[in-house]
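The lines below spell out each chain.
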Amino acid sequence: MKFDIHDNVKTVNPKCTLGYLVIRNIVVHGTPPSLAQEFFHLQVEAAKFYNIEELMDIPPILGVRSIYKKVEFNPLRHNAFSEGVVRRVIQRKGSDYVNSAVMINQYCAIKFLLPFGLYDLDKIDGDIRYELGAKGDLVNLDGNSIAGDEIPFLVDAKGAFGNFSSDAFRTKVTLATRNILVVVYADEEVETDELNNILDFTKDMILCNDGGIVEKQRIIKV
């Protein structure tokens, strides 16, 4: 599987950087009590530390929002994944306890305030490219359709399946998932060493809770 960034992404994000993990042979669980408790404590701390008024001024969230503005994509309608998760926590709406892998993905998004994408690798068809102007629409986890020609999307042979705002229903991770792709959508303020540390933390958390074997850990730039 090849994974690269199309040159046309430069028009909206000249310093685009993605970090990703490929982990195989994991065992996804329901809601392990120890992980749920750890996640709950993080949400409590985040709710104390952040507030809605200041949220949009935090550098990682501001960096993603700047990309939205360049392509006239409404950030009020489509929050970046990390912003959406933190907003729910601040508003005491909580997060969805779908399964252990999704919980870890949300945990890391709150901890690092960066958008994290989580995908079932076996549902991805062929090579992956992050590009602007993807053909067709992405049907997200809520069943809503998002046009693929407005902002950069991850694309495989079947079309768009994810970006910093939404993941596709067709590549969602379930209890039956055994191989996963984790993508960190980093903004230009995130240094390479910092992004590697984020990937290390995420990898260790997945291996600790769901097991598996790390096949790839990479950082790619436009």
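Structural notes, computed from the coordinates. Quick caveat: nothing in here was measured; it's all calculated off a predicted structure.

A word on the sheet that holds strand S8 (residues 159-162)
Strand order in the open sheet formed by four strands is S1-S4-S7-S8, with mixed pairing between adjacent strands. Each end of this open sheet is capped by a strand with a single partner; those strands are strand S1 (3-5) and S8. Neighbour-to-neighbour, the strand axes of this sheet turn through a mean angle of 35°, independent of strand direction. Relative to strand S4 (residues 128-131), S1 runs parallel, the two sharing three bridges. Across the sheet, residue Phe3 finds its bridge partner in S4, namely Ile128.

Some thoughts on the packing of aromatic side chains
In this structure the tally under the stated criterion is seven aromatic pairs. Where Phe39 meets Tyr107, the ring centres are 6.3 Å apart and the plane angle is 45°; that geometry is what we call tilted. Linking Phe39 in helix H1 (residues 33-49) with Tyr107 in helix H5 (residues 100-112), this pair joins segments that are 68 residues apart in sequence. Residue Phe39 is classed as buried on the basis of its relative accessible area, which comes to 0%. On the basis of an interplanar angle of 90° and a centroid distance of 5.1 Å, the ring pair of Tyr119 and Phe161 is categorised as edge-to-face. Linking Tyr119 in strand S3 (residues 116-120) with Phe161 in strand S8, this pair joins segments that are 42 residues apart in sequence. Of the two residues, Tyr119 and Phe161, both sit in the buried class. Taken together, the ring pairs in this structure connect Phe39, Tyr107, Phe112 and Phe201 into an aromatic cluster. Above the face of the Phe201 ring, Lys111 is positioned so that its terminal group lies 5.1 Å from the ring centre.

Re the packing of H5 against helix H6 (residues 192-210)
Angle between the axes and distance between the axes: these two values describe a pair of packed helices. Between H5 and H6, the least distance of the axes is 10 Å, while the angle of their chain directions is 150°. For the element pair H5 / H6, the angle class is roughly antiparallel. Crossing of H5 over H6 shows right-handed handedness. Residue-level contacts link Ser100, Ala101, Ile104, Tyr107, Cys108, Lys111 and Phe112 of H5 to Ile198, Phe201, Thr202, Met205, Ile206, Asn209 and Asp210 of H6.

Remarks on the sheet that holds strand S9 (residues 180-186)
Reading across the sheet, the four strands line up as S3-S9-S2-S10 and stay open at both edges, with antiparallel pairing between neighbours. Only two strands of the sheet have a single neighbouring strand rather than two, namely S3 and strand S10 (213-221). Along the sheet, successive strands turn relative to each other by an average axial angle of 15°, direction set aside. The sheet contact formed by strand S2 (residues 17-24) and S10 spans eight bridges and is antiparallel. Across the sheet, residue Thr17 finds its bridge partner in S10, namely Lys221.

Observations regarding H5
Taking 1.5 Å per residue as the helical rise, H5 with its 13 residues ought to reach 18 Å, and the 18 Å between its terminal C-alpha atoms agrees with that figure. Of all 13 residues in H5, 11 are buried, a share of seventy percent or more. Residues Ser100, Ala101, Val102, Met103, Ile104, Asn105, Gln106, Tyr107, Cys108, Ala109 and Ile110 constitute the buried set of H5. Two or three places before Ala101, at the opening of H5, Asn99 has a side-chain oxygen 3.1 Å from that residue's backbone nitrogen.

Considering the environment of Ile180
When you line up the elements, Ile180 lands in strand S9. Residues Ile180 and Ile23 lie 157 residues apart in sequence; the distance between their C-alpha atoms is 5.4 Å. The contact partners of Ile180, leaving out residues within four places of it in the chain, are Leu21, Val22, Ile23, Ile26, Leu118, Tyr119, Leu121, Val173 and Ile206.

Digging into the nonpolar core
Membership of the largest hydrophobic core comes to 31 residues, with the highest contact counts inside it found for Phe116, Leu118, Ile180, Val182 and Ile206. The greatest single-element share of this core, amounting to eight residues, is contributed by H5. Non-local contacts of Ile206, meaning those with residues more than four positions away in its chain, are made with Ile23, Ile26, Ile104, Ile180, Val182 and Gly211. Counting residues in hydrophobic clusters, the runner-up holds 27 residues, among them Leu121, Ala134, Leu138 and Ile220.

Cut-offs applied
Residues numbered from 1 in each chain as written. Predicted model: local features only at pLDDT ≥ 70, side-chain atom pairs only at ≥ 80, totals over all residues. Heavy atoms only, no water. Pairing = 2+ DSSP bridges. Helix = DSSP H or I, 4+ residues; strand = E, 2+ residues; numbered from the N terminus. Axes fitted to C-alpha atoms, helices over the stretch in contact; angles between N-to-C directions. Phe/Tyr/Trp six-rings, centres within 6.5 Å; stacked < 30°, edge-to-face > 60°. Buried < 20%, exposed > 50% of the residue type's maximum accessible area, 1.4 Å probe, protein only. Lys NZ or Arg CZ within 6 Å of the ring centre and 35° of its normal. Parallel < 35°, antiparallel > 145°, perpendicular 65-115°, else oblique. Left-handed = near helix turned anticlockwise from the far one by under 90°. Contact = heavy atoms within 4.5 Å. Expected span 1.5 Å × (residues − 1). Polar contact = N/O pair within 3.5 Å; in protein donor to acceptor, adjacent residues only side chain to side chain. Core = buried A, V, L, I, M, F, W, Y, C linked by side-chain atoms within 4.5 Å.

Distances and angles like these do not, on their own, reveal function.
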